[in-house]
Amino acid sequence: MPRTDIEQISTLLPAWVESSKKQCIHGKTASYIPELSKAPIEALGIHLIDSNGHSISAGDSELAFTMQSISKVFTLILALMDNGEEVVFDKVGMEPTGDNFNSMLKLELVQPGIPFNPLINAGAIAISSLIAGKDANEKSQRVLRFIQLLSNNSSLSCDLDVYRSESATANLNRSMAYFLKDNGVLQGQVEDVLDVYFRHCSISVTCADLAQMALVLAHNGTNPLTGDKLIPRRYVQIAKTFMTTCGMYNASGEFAIQVGLPAKSGVAGGILTMVPGRYGIGLIGPSLNRKGNSIAGVNLLQTMSQQFDWSLF
Ligand code: GLU
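Residues numbered from 1 in each chain as written. Predicted model: local features only at pLDDT ≥ 70, side-chain atom pairs only at ≥ 80, totals over all residues. Heavy atoms only, no water.

**Quick word on the sheet that holds strand 1 (residues 45-50)**
Moving on, step 1. Strand order in the open sheet made by the five strands is 2-1-8-7-6, with antiparallel pairing throughout. Of all the strands in the sheet, the pair left with one neighbour each is strand 2 (55-59) and strand 6 (263-265). Strand-to-strand twist of the sheet, defined as the mean angle between neighbouring strand axes without regard to direction, takes the value 10 degrees.
Moving on, step 2. Inspection of the sheet shows strand 6 paired to strand 7 (residues 270-275) by three bridges, in the antiparallel sense. Bridge pairing in strand 7 places Ala263 opposite Thr273.
Moving on, step 3. Strands strand 1, strand 2 and strand 8 (279-284) of the sheet are contacted by helix 1 (residues 6-21), whose axis makes an angle of about 10 degrees with strand 2. (Pairing = 2+ DSSP bridges. Helix = DSSP H or I, 4+ residues; strand = E, 2+ residues; numbered from the N terminus. Axes fitted to C-alpha atoms, helices over the stretch in contact; angles between N-to-C directions. Contact = heavy atoms within 4.5 Å.)

As structure tokens, this is what we get:
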């Protein structure tokens, strides 16, 4: 089935969602941020939008959830737009780690002690300190406004219950941030940097919001519906490359083989992915597999990519 259009997808999608949903019982919701454990474990929803603005959704696509690590793609882009490549890659590397997203191991083992990439927690915390703004509040507002712009949804906001839940329990992220400060990686007060980080992880979205943001990345930074150029092409290229090499935690290699699309997942169960030049896709499935990715979501994307021959490789 080489050529797909939105009608074809909409005919097949509901049955595929129902079938992938059966995977949910084999996973778990994230519990290290207590508020996230309340998410409906059996949910699976998806929204897809094409370059003409035609969209389809299936399953529990109206469910609101927090972006978590998906927001790291956009803070990276904003930090690049604020500072340029040289400054950003002085503070974070370009390589996958092979370790957990919240590991500190290599920070001490591998010199010069900068995070391996901007999508692991240490890297995203370093990126949060590079966002321009006079204080934590202004930086957080700039990130939120950027995500509102890309999603074309000015009502997006931070889920304060999730924000407080993470902030109250983030011992590991806190220790990592203090370690980075000591290594000279973080600028500013550590608690202020962490506040920016927790707030952008807690931005509440639906699948349609993620799909809209993904559509801009799928079109190299231009919103195809308005023609507005929102991100320089080079920075989209950098973001999509990180999504391919590190976007799905330690299963990024497996995802590249099974699905073959740039993607980023978050511990709330969201996945943002795209078919470059064609579709933006947002997905939610809070039941996670052992690698921290939505178990039913990955299954659904695998079915879609293989049926429609979407892999880029
Ligand atoms: N806010 C989460 C954390 O720092 C994000 C992790 C994720 O989604 O991978 O642990």
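Structure shown, so let's carry the discussion forward.
**A closer look at the nonpolar core**
Moving on, step 1. Ranked by size, the top nonpolar core spans 63 residues in total, and within it Met67, Phe74, Val88, Met213, Leu217, Ile231 and Leu272 carry the most contacts.
Moving on, step 2. Once you skip the residues sitting within four places of it in the chain, Ile231 turns out to touch Ile77, Met81, Phe146, Leu150, Val216, Leu217, Asn220, Gly221 and Val236. (Core = buried A, V, L, I, M, F, W, Y, C linked by side-chain atoms within 4.5 Å. Buried < 20%, exposed > 50% of the residue type's maximum accessible area, 1.4 Å probe, protein only.)

**A short note on the site of the ligand**
Moving on, step 1. Neighbouring the ligand are 13 residues, the closest being Tyr32, Gln68, Ser69, Tyr197 and Tyr249.
Moving on, step 2. Note that an oxygen atom of the ligand is positioned 2.6 Å from one of the side-chain N or O atoms of Ser69.
Moving on, step 3. Looking at the shell around the ligand residue by residue, the classes come out as seven nonpolar, five polar and one charged. (Near = heavy atom within 4 Å. Polar contact = N/O pair within 3.5 Å; in protein donor to acceptor, adjacent residues only side chain to side chain. Nonpolar A, V, L, I, M, F, W, Y, C, P; charged D, E, K, R; others polar.)

**Regarding the sheet that holds strand 4 (residues 157-158)**
Moving on, step 1. Taken in spatial order, the three strands line up as 3-5-4 in an open sheet, and their pairing is antiparallel. What marks the edges here is a single partner per strand, and that holds for strand 3 (65-66) and strand 4.
Moving on, step 2. Sheet analysis places strand 4 next to strand 5 (residues 203-205), joined by two bridges and oriented antiparallel. Note that in strand 5 the partner of Ser157 across the bridge is Ser204.

**Overview of empty space enclosed by the protein**
Moving on, step 1. Under the criterion given, the structure shown has two cavities of 30 Å³ or more.
Moving on, step 2. Of the volumes computed, that of the largest cavity is approximately 80 Å³.
Moving on, step 3. Thr97, Ser103, Lys106, Leu107 and Ile120 are the residues nearest the centre of the largest cavity, which is lined by 13 residues in total.
Moving on, step 4. The leading source of residues in the lining of the largest cavity is helix 4 (residues 105-109), at three residues.
Moving on, step 5. Among the residues forming the lining of the largest cavity, the class breakdown is eight nonpolar, three polar and two charged.
Moving on, step 6. Tallied by class, the residues present in the lining of the second largest cavity amount to seven nonpolar, four polar and two charged. (1 Å grid on protein atoms, 1.4 Å probe; cavity = no way out; pocket = protein on both sides within 12 Å on 5 of 7 lines; lining within 4 Å. Points joined across faces, edges and corners; volume = space filled by probe spheres on them.)

**Regarding the layout of surface pockets**
Moving on, step 1. In this structure, the largest pocket spans a volume of roughly 310 Å³.
Moving on, step 2. If you trace the largest pocket, you find 16 residues lining it, with Phe101, Asn289, Arg290, Lys291 and Gly292 closest to the centre.
Moving on, step 3. Of the residues contributing to the lining of the largest pocket, the split by class is six nonpolar, six polar and four charged.

**Here we look at the packing of aromatic side chains**
Moving on, step 1. If you walk through the whole model with that rule in mind, you get five aromatic pairs.
Moving on, step 2. Between Tyr279 and Trp310, the ring centres sit 5.7 Å apart and the planes meet at 50 degrees, which makes this aromatic pair tilted. Of this pair, Tyr279 sits in strand 8 while Trp310 sits in the segment after helix 13 (295-308), and the two are 31 residues apart along the sequence.
Moving on, step 3. Take Tyr279: its relative accessible area is 4%, and that puts it in the buried class.
Moving on, step 4. Classification of Trp310 as buried rests on a relative accessible area of 3%.
Moving on, step 5. The lysine or arginine in question, Lys106, covers the ring of Phe116, its NZ or CZ lying 5.6 Å from the ring centre. (Phe/Tyr/Trp six-rings, centres within 6.5 Å; stacked < 30°, edge-to-face > 60°. Lys NZ or Arg CZ within 6 Å of the ring centre and 35° of its normal.)

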